[in-house]
Amino acid sequence: DRVSAAVAGRSGRDAVAGLFEAHRRFARELPGRWTALQRPAHPTTVKSESAMRVAELMLAVLRQYDLPERELVHATRLLGATLNGFVTLEAAGSFGHRDPDTELSWTRAIDVLDAALRAWPTTTPEVHR
């Protein structure tokens, strides 16, 4: 419900910001639940109505960038990794000892993700071994 309300009527960068803010607020308000989410989900959890709804909302945000369908999983992983990494490090106090203010870094991360999504490559890369 938090994510749905945060992205409703928004697009592009504003939708990404809403998505991120909803998750960040959840992590701040319910840190134990956030921590519990940092484990591999059981298959029934992944298929739950709530999990499917959050996944669909993220995909809806990403589809506004006109990414090829085959690229959505990569973009989802990038957003999830950035969000989770930032929120987890922030909660651990890892950003509190250095200027500038964490809020500037948060805004910068959202700006950079928006730019990356707008410039997303449309060709499949060769896998280097």
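In what follows, the structure referred to is the one given above.
Residues numbered from 1 in each chain as written. Predicted model: local features only at pLDDT ≥ 70, side-chain atom pairs only at ≥ 80, totals over all residues. Heavy atoms only, no water.

Draft legend 1. Region of the structure containing the overall build of the chain. Helix and strand content of the chain: 7 helices and 0 strands. For the chain, the α and β elements follow one another from N to C terminus as α-α-α-α-α-α-α. Computed over C-alpha atoms, the radius of gyration of the chain comes to 15 Å, within 12% of the 14 Å expected from 2.2 N^0.38 for 129 residues, which places it in the range of a compact globule. If one aligns the C-alpha atoms of the chain with their principal axes, the spans along those axes are about 40 × 40 × 40 Å. A burial count over the chain gives 31% of its 129 residues as buried. (Helix = DSSP H or I, 4+ residues; strand = E, 2+ residues; numbered from the N terminus. Rg over C-alpha atoms; globule rule 2.2 N^0.38 Å. Buried < 20%, exposed > 50% of the residue type's maximum accessible area, 1.4 Å probe, protein only.)

Draft legend 2. Focus on the nonpolar core. The biggest cluster of nonpolar side chains holds 30 residues, and the ones touching the most others in it are Val-16, Phe-20, Leu-62, Leu-67, Leu-79 and Leu-117. When residues of this core are traced back to their parent elements, those giving at least two are α1 (2-7), α2 (12-29), α5 (49-63), α6 (72-91) and α7 (102-118). Counting residues per element, this core draws most heavily on α2, which supplies 8 residues. In contact with Leu-67, other than residues within four places in its own chain, are Leu-62, Leu-72, Ala-75, Leu-117 and Trp-120. (Core = buried A, V, L, I, M, F, W, Y, C linked by side-chain atoms within 4.5 Å. Contact = heavy atoms within 4.5 Å.)

Draft legend 3. Region of the structure containing α7. Between the first and last C-alpha of α7 there are 25 Å, a value that for 17 residues agrees with the 24 Å anticipated at 1.5 Å per step. Looking only at α7, the buried set comprises Thr-102, Trp-106, Ala-109, Ile-110, Leu-113, Asp-114 and Leu-117. Down the axis of α7, the buried set is contained in an arc of 130 degrees. They therefore lie on one face. Check the buried side of α7 and you find it contacts α2, α5 and α6. With a side-chain oxygen lying 3.0 Å from the backbone nitrogen of Glu-103, the N-terminal cap of α7 falls on Asp-101. (Expected span 1.5 Å × (residues − 1). Arc of directions from axis to C-beta. Polar contact = N/O pair within 3.5 Å; in protein donor to acceptor, adjacent residues only side chain to side chain.)

Draft legend 4. Geometry of the side chain of His-23. By the secondary structure assignment, His-23 is in helix α2. What His-23 contacts, discounting residues up to four positions off in sequence, is Val-3, Trp-34, Val-54 and Leu-83.

Draft legend 5. A look at the pattern of salt bridges. Counted by the stated rule, this structure contains 10 salt bridges. Note that Asp-1 is salt-bridged to Arg-53, the shortest N-O span being 2.6 Å. Of this pair, Asp-1 sits in the segment before α1 while Arg-53 sits in helix α5; the two residues are 52 residues apart in sequence, bridging distant segments of the chain. Judged by relative accessible area, which is 39%, Arg-53 ranks as partly exposed. (Salt bridge = Lys/Arg side-chain N within 4 Å of Asp/Glu carboxyl O.)

Draft legend 6. Expanded view of the packing of aromatic side chains. In total, this model carries 3 aromatic pairs according to the counting rule given. Look at Phe-20 and Trp-106: their rings are 5.7 Å apart centre to centre, the planes differ by 50 degrees, and that puts the pair in the tilted class. One end of the pair, Phe-20, is in helix α2; the other, Trp-106, is in helix α7, and 86 residues separate them in sequence. Classification of Phe-20 as buried rests on a relative accessible area of 1%. Given the relative accessible area of 2%, Trp-106 is considered buried. Both rings, one in Phe-86 and one in Phe-95, keep their centres 4.9 Å apart while their planes meet at 50 degrees; by these two values the pair is tilted. A relative accessible area of 10% means that Phe-86 is categorised as buried. A relative accessible area of 25% means that Phe-95 is categorised as partly exposed. Three or more aromatic residues joined by ring pairs make a cluster, and in this case those are Phe-20, Phe-86, Phe-95 and Trp-106. Above the face of the Trp-106 ring, Arg-24 is positioned so that its terminal group lies 4.2 Å from the ring centre. (Phe/Tyr/Trp six-rings, centres within 6.5 Å; stacked < 30°, edge-to-face > 60°. Lys NZ or Arg CZ within 6 Å of the ring centre and 35° of its normal.)

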